[in-house]
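Observations on the model geometry
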Amino acid sequence: MTFVKRIVIFLLCLSLLPLPARAAGDWDAAGQMDRTGAGLSALHGTSGSILSDSKQFPAGTSACDWTAMALALSGREEDFASYRKALQGYVEDAYARDGGLDRVKSTTYHRIALTVMALGGDPTAFGTKPDGTAINLIADGTWNFSGNIGAQGLNGWIYALLTLDAWGGEVPEGAAVTRQDMVQAIVSAQEPEGGFGLAAGDSDVDITAMALQALAPYASEHSDTIDAALTWLSEQMTDDGTFRSYGDDSAESSAQVLLALCALGIDPEEDPRFRKGVETVLTGMDRFRCGDGTYSHLRGEEKGDYLASAQMLLAITALNKLRSGSGWIFDYTGYTGPVQAGPGLLLPLSAAAAIALTAIILIVRKRRNHGKKNG
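Starting afresh in each chain, residues are numbered from 1 along the sequence in its written order. Whole-chain, interface and lining totals are the exception, using all residues; otherwise, since this is a predicted model, local features are given only for residues with pLDDT of at least 70 and side-chain atom pairs are given and counted only at 80 or more. Heavy atoms from the whole structure form the basis of all side-chain values; hydrogens and water molecules are not counted.

1. Concerning the overall build of the protein chain
Helix and strand counts for the protein chain come out as 14 helices and four strands. Each residue gets one of three labels from its accessible area relative to the maximum for its type: buried under 20%, exposed over 50%, partly exposed in between, using a 1.4 Å probe on protein chains only. Taken over 375 residues, the protein chain has a buried fraction of 48%. Throughout, a contact is declared for two residues whenever any of their heavy atoms are within 4.5 Å. Sequence separation of at least 24 residues holds for 68% of the intrachain contacts in the protein chain that already meet a minimum separation of 6. We get accessible surface area from the Shrake-Rupley algorithm with a probe of 1.4 Å; when it comes to residues, only the shown protein chains can shield them. When the accessible surface of the protein chain is totalled, it reaches about 17700 Å², and 53% of it is carbon and sulfur. Labels follow the DSSP assignment, with helices taken as runs of H or I lasting at least four residues and strands as runs of E lasting at least two, numbered in each case from the N terminus.

Printed below as a string of structure tokens:
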């Protein structure tokens, strides 16, 4: 056997090497992130076109914004430019018509600002007002909000802080509301049993998980608050790993709990507080999964739901980032915009083998031609 043939055989064998096996019991976050992203994109009917259909998928609506955000941060390939343009149009129209996005719900500003950042835009200069000045979604939704940030409930304070920290800038001197005001508004709302609720007197899984996400950067200052909230959340976990909010086990509740754990750097498969026998937060999530990788809102529903799937995709992406050491999903430091997800290990090995094989063939041909010319 010639040397060249031996090299070819070796490279072909290399290209067929299996991916490294995961440890037993590990939930495949990277694989499920890809499956859920693909399924969510294809719910529209044609994969990759969901964000460009402004009639059926209008920018500025809750489910659509969360979907665009989740697809962008998970690395799916979509028409993000079209959605970003449509979202800017929605924001400019709202400012021209009403003077802003919402006079009561500050979370409308927060959701859209988070979406803009996920799409690679600048939320402090996202379009222009009728007077020609830049629209600053961060200022208008947080320290310069025209109403009471907490008027709609505790989630107003929670998402104001989440959005402010995702942006990462400083609150200007003399602002009516500071970061510390937001932190204190959340901490002071903790119920005696450890949970948080939309309004005082009633703890809720979703709001508690959201509060933990907002407080995560301040864990060292409020460790007792966070530990009490985690203990309460743990007690709400059912025997099959799901979580109940307002009477129903829902995919969104599981997603929010997973996001909270990831924000605090906790892998749900490694924390005994979130394990019931063989059941974990992740096995509980599986009970809402549909055949195409998307998630239903409630158990037993056969079709994937946009909002449930988007929130699950964000949570799974957060877990994948945690396990890969890539940080918190809503930390946009150094983030420049959506990118296509990496192809994994198998493709680079195969590609490397193919490139090397091509190089060998070219070398052999060149030697033969050189021999003919000099023979």
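After presenting the structure, the write-up continues.
2. Things to note about the pattern of salt bridges
Salt bridges, as used here, are contacts in which a Lys or Arg side-chain nitrogen is within 4 Å of a carboxyl oxygen on Asp or Glu. Throughout the structure, instances matching the rule amount to twelve salt bridges. Among the salt bridges present, the one from Asp-271 reaches Arg-273, with a minimum N-O distance of 2.8 Å. Taking relative accessible area as the criterion, Asp-271 reaches 9% and is therefore assigned buried. Each of Asp-240, Arg-244, Asp-249, Glu-279, Arg-287 and Arg-299 takes part in one network of salt bridges that share partners.

3. With respect to helix H9 (residues 205–215)
Most of H9 sits inside the fold, with eleven of its eleven residues counted as buried. When we look at burial in H9, the residues that qualify are Val-205, Asp-206, Ile-207, Thr-208, Ala-209, Met-210, Ala-211, Leu-212, Gln-213, Ala-214 and Leu-215. The inward-facing, buried residues of H9 abut helix H7 (154–167), helix H8 (179–187), helix H10 (223–236), strand E1 (244–245) and helix H11 (251–263). Here a polar contact means two N or O atoms within 3.5 Å. Within protein one must be a hydrogen donor candidate and the other an acceptor candidate, and residues neighboring in sequence count only if both atoms are side-chain atoms. Capping the start of H9, Asp-204 holds a side-chain oxygen 3.1 Å from the backbone nitrogen of Asp-206, two or three residues further along.

4. Describing the side chain of Glu-252
Following the sequence through the fold, Glu-252 ends up in helix H11. When charges are tallied, Lys and Arg are placed among the positive residues and Asp and Glu among the negative ones, while His and the ends of the chain are skipped. The side chain of Glu-252 is buried and forms no salt bridge, while Arg-299, the nearest opposite charge, is found at 11 Å. The residues contacting Glu-252, other than those within four sequence positions of it, are Asp-206, His-297, Asp-305, Ala-308 and Gln-311.

5. Some details on the side chain of Asp-206
When you line up the elements, Asp-206 lands in helix H9. Although Asp-206 is buried, it makes no salt bridge; Arg-244 carries the closest opposite charge, 11 Å away. Leaving out residues up to four positions away in the same chain, Asp-206 has contacts with Ser-245, Glu-252, Ser-253 and Gln-256.

6. Considering the packing of helix H3 (residues 62–74) against helix H13 (residues 306–324)
Contact geometry for H3 and H13: axes closest at 8 Å, N-to-C directions at 30 degrees. Judged by the inter-axis angle, H3 sits roughly parallel to H13. For the element pair H3 and H13, the recorded crossing hand is left-handed. Residues Ala-63, Trp-66, Thr-67, Met-69, Ala-70, Leu-71, Leu-73 and Ser-74 of H3 form the contact with H13, whose own contacting residues are Tyr-306, Leu-307, Ala-310, Leu-313, Leu-314 and Thr-317. Polarity classes work like this: nonpolar for Ala, Val, Leu, Ile, Met, Phe, Trp, Tyr, Cys and Pro, charged for Asp, Glu, Lys and Arg, and polar for all others, with Gly in that last group. Across the contact of H3 with H13, the residue classes tally to eleven nonpolar, three polar and no charged. Only the contacting stretch of a helix is used when fitting its axis, a line to C-alpha atoms as for every element, and angles between N-to-C directions run 0 to 180 degrees. Roughly parallel refers to an angle under 35 degrees, roughly antiparallel to one over 145, roughly perpendicular to one between 65 and 115, and oblique to any angle outside these ranges. In this scheme the crossing of two helices becomes right-handed for a clockwise turn of the near helix relative to the far one and left-handed for an anticlockwise turn of less than a right angle.

7. Quick look at empty space enclosed by the protein
Taking a probe equal in size to a water molecule and rolling it over the atoms shows the remaining empty space. Definitions used for this entry: grid spacing 1 Å over protein atoms alone; cavity, a set of points where a 1.4 Å probe fits but cannot get out; pocket, an open set with protein on both sides within 12 Å along at least 5 of 7 lines; lining residue, one with an atom within 4 Å of a point. Grid points are joined across faces, edges and corners, and a volume is the space filled by probe spheres set on the points. Summed over all chains, the structure comprises one cavity of 30 Å³ or more. Here the largest cavity defines a volume of roughly 50 Å³. Taken together, Trp-66, Tyr-159, Gln-213, Gln-256, Leu-259, Gln-311, Leu-314 and Phe-330 make up the full set of residues lining the largest cavity. Where the lining of the largest cavity is concerned, the elements lending two or more residues are H11 and H13. Class assignment of the residues belonging to the lining of the largest cavity gives a composition of five nonpolar, three polar and no charged.

8. Some points on the packing of aromatic side chains
The geometry of an aromatic ring pair comes down to the distance between the two centres and the angle between the two planes. A pair of aromatic rings is counted whenever rings of Phe, Tyr or Trp (Trp by its six-membered ring) have centres within 6.5 Å, and the orientation is called stacked for planes under 30 degrees apart, edge-to-face for over 60 and tilted otherwise. Summed over the entire model, instances satisfying the criterion amount to seven aromatic pairs. Ring centres of Phe-57 and Tyr-83 lie 6.3 Å apart, and the angle between their planes is 55 degrees; on these two criteria the pair is classed as tilted. Of the two residues, Phe-57 sits in the loop between helix H2 (29–42) and H3 while Tyr-83 sits in helix H4 (residues 80–98), which places them 26 residues apart along the sequence. Accessibility classification places Phe-57 together with Tyr-83 in one group, the buried group. Judged by centre distance (5.9 Å) and plane angle (40 degrees), the rings of Trp-143 and Trp-167 are tilted. Of this pair, Trp-143 sits in the loop between helix H6 (137–141) and H7 while Trp-167 sits in helix H7, and the two are 24 residues apart along the sequence. Taking relative accessible area as the criterion, Trp-143 reaches 14% and is therefore assigned buried. Under the relative-accessibility criterion, Trp-167 is labelled partly exposed at 29%.

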